[in-house]
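Structure at a glance
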Amino acid sequence: MRNANRITPEAGFTVLEAAVSLTVLAVALCALWGTLVYCSRANRASEEKKQALNAAQAKVEELKSAQFDTLIAEFGPSGNVGNRFGVPTLDADLSVAEGEISFYTDETNAVGDPYMGFPLDLNGDGDNADKDVSGGFQLLPVLVTIRWEGALGDQRVDLRSILREEN
């Protein structure tokens, strides 16, 4: 008759097997933790980008509601309002969030933004060769840029639009 309670040397875990199992578990948990931290930062960065885009869209709407022929005089670099503005929706959570407005008045746009579709006839004279139409434009390309230091470092949102006078 055999003893049923007898323990054989093959039964159970050895200390080495337990240590290897704990090491594998620790590596897996560290990888999972890193993934969770990255996903959290990416989610925060996505929220920041959404807030910045909303702020840029609000600025374009403000420009649309302003008097068309005085846009550059009001919102240009030396204008009454100026071309720089704070972004309150981002400032509450971050130390620095700043917006900037850029107008394009060179129809050839030789050194400007390749995404605006230049050359363009901005003053309606039938050509697109004028270097400065700031005194008589019918279309006004604008770029609103928001910059901030966010969850994933330096961030930027650019919103391009072309404004025209409403009749």
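Residues numbered from 1 in each chain as written. Predicted model: local features only at pLDDT ≥ 70, side-chain atom pairs only at ≥ 80, totals over all residues. Heavy atoms only, no water.

Observations regarding a nonpolar patch on the surface
On the surface, Leu 22, Leu 25, Leu 29, Leu 32, Trp 33, Leu 36 and Val 37 cluster together into a nonpolar patch covering about 740 Å² of accessible area. Turning to its location among the elements, Leu 25 is positioned in helix α1 (residues 15-65). Looking at Leu 25, the relative accessible area reads 47%, which means it is partly exposed. (Patch = residues over 30% accessible without salt bridge, like charges linked within 9 Å, V, L, I, M, F, W, Y side chains within 5 Å. Areas by Shrake-Rupley, 256 points an atom, 1.4 Å probe, with all protein chains shown as cover. Salt bridge = Lys/Arg side-chain N within 4 Å of Asp/Glu carboxyl O. Helix = DSSP H or I, 4+ residues; strand = E, 2+ residues; numbered from the N terminus. Buried < 20%, exposed > 50% of the residue type's maximum accessible area, 1.4 Å probe, protein only.)

Thoughts on the nonpolar core
When a protein is soluble and globular, its nonpolar side chains tend to lie buried together. The biggest cluster of nonpolar side chains holds 29 residues, and the ones touching the most others in it are Leu 63, Leu 71, Phe 103 and Ile 146. When residues of this core are assigned to their parent elements, the largest contribution, 6 residues, is made by strand β3 (residues 139-150). The contact partners of Ile 146, leaving out residues within four places of it in the chain, are Ala 52, Ala 55, Ala 56, Phe 85, Val 87, Leu 90, Glu 98, Gly 99, Gln 155, Arg 156 and Val 157. (Core = buried A, V, L, I, M, F, W, Y, C linked by side-chain atoms within 4.5 Å. Contact = heavy atoms within 4.5 Å.)

Notes on the pairing of strand β4 (residues 153-164)
Sheet topology places β3 next to β4; 12 bridges connect them, and they run antiparallel. By the bridge assignment, Val 142 is partnered in β4 with Ser 161. Between β3 and β4, which pair antiparallel one after the other, the connecting turn spans 2 residues. (Pairing = 2+ DSSP bridges.)

Description of the packing of aromatic side chains
In this structure the tally under the stated criterion is 2 aromatic pairs. With a centroid separation of 5.1 Å and 70 degrees between ring planes, the pair formed by Phe 68 and Phe 137 is classed as edge-to-face. One end of the pair, Phe 68, is in the loop between α1 and α2 (71-75); the other, Phe 137, is in the loop between β2 (97-103) and β3, with 69 residues separating them in the sequence. Overall, the relative accessible area of 9% leaves Phe 68 in the buried class. (Phe/Tyr/Trp six-rings, centres within 6.5 Å; stacked < 30°, edge-to-face > 60°.)

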